[in-house]
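Summary of the model geometry
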Amino acid sequence: MTAIEVAFKYAKQPGAAELRALEAVREVYGIRKVRFHEAESVIRVEYDRTRLNDDTVASLLRRAGLDLTEKLALA
């Protein structure tokens, strides 16, 4: 397993429906952690690189209802 983290900015704060949908994202095999930084409108996802990639993670988040605006570069 190769753990990696990706971060995305989102446009609007997720509501109750989006937060419920994100629970399903947390259950996807390969997703390890999902963390919000509400003040910065950023979501960070740690995942298994051998199972998923950045585009797949972004797709999962968009299907959950998040309005992703950009992928952030992590140091």
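Now for a description of the structure that goes with this document. (Residues numbered from 1 in each chain as written. Predicted model: local features only at pLDDT ≥ 70, side-chain atom pairs only at ≥ 80, totals over all residues. Heavy atoms only, no water.)

1. Remarks on the environment of Gln 13
- By secondary structure assignment, the location of Gln 13 is in the loop between strand E1 (3-10) and helix H1 (16-26).
- Spatially, the C-alpha atom of Gln 13 lies 7.2 Å from that of Ser 41, the residues being 28 residues apart in sequence.
- Within the structure, Gln 13 has its side chain in polar contact with the backbone oxygen of Glu 38 (distance 3.3 Å). (Helix = DSSP H or I, 4+ residues; strand = E, 2+ residues; numbered from the N terminus. Polar contact = N/O pair within 3.5 Å; in protein donor to acceptor, adjacent residues only side chain to side chain.)

2. Considerations on the packing of aromatic side chains
- As enumerated under the stated definition, the model contains one aromatic pair in all.
- An angle of 85 degrees between the planes, with centres 5.8 Å apart, marks the rings of Tyr 10 and Phe 36 as edge-to-face. Of this pair, Tyr 10 sits in strand E1 while Phe 36 sits in strand E2 (residues 31-37), placing them 26 residues apart in sequence. (Phe/Tyr/Trp six-rings, centres within 6.5 Å; stacked < 30°, edge-to-face > 60°.)

3. Regarding the pairing of strand E3 (residues 42-48)
- Burial analysis of E3 places six of its seven residues in the buried class, the great majority of the element.
- Sheet analysis places E1 next to E3, joined by seven bridges and oriented antiparallel. Looking at E3, one finds that Ile 4 is bridged to Tyr 47.
- By the bridge criterion, six bridges tie E2 to E3 in an arrangement that is antiparallel. Across the sheet, Phe 36 pairs through a bridge with Ile 43, a residue of E3. (Buried < 20%, exposed > 50% of the residue type's maximum accessible area, 1.4 Å probe, protein only. Pairing = 2+ DSSP bridges.)

4. What about the side chain of Ser 41?
- Positionally, Ser 41 belongs in the loop between E2 and E3.
- Relative accessible area serves as the criterion here: at 17%, Ser 41 is assigned to the buried category.
- In this structure Ser 41 touches Phe 8, Lys 9, Tyr 10 and Gln 13, once residues within four positions along its chain are discounted. (Contact = heavy atoms within 4.5 Å.)

5. A short note on the pattern of salt bridges
- Tallied over the entire structure, the rule returns six salt bridges.
- Arg 44 serves as the salt-bridge partner of Glu 5, at 2.7 Å between the closest nitrogen and oxygen. Linking Glu 5 in strand E1 with Arg 44 in strand E3, this pair joins segments that are 39 residues apart in sequence.
- You can call Glu 5 partly exposed: its relative accessible area is 25%.
- For Arg 44, a relative accessible area of 24% puts it in the partly exposed group.
- Two residues, Asp 54 and Lys 71, come together in a salt bridge whose shortest N-O distance is 2.4 Å. Of this pair, Asp 54 sits in helix H2 (residues 54-63) while Lys 71 sits in strand E4 (residues 68-72), placing them 17 residues apart in sequence.
- Classification of Asp 54 by relative accessible area gives buried; the value is 16%.
- In this structure, a network of salt bridges that share partners links the residues Glu 5, Arg 35 and Arg 44. (Salt bridge = Lys/Arg side-chain N within 4 Å of Asp/Glu carboxyl O.)

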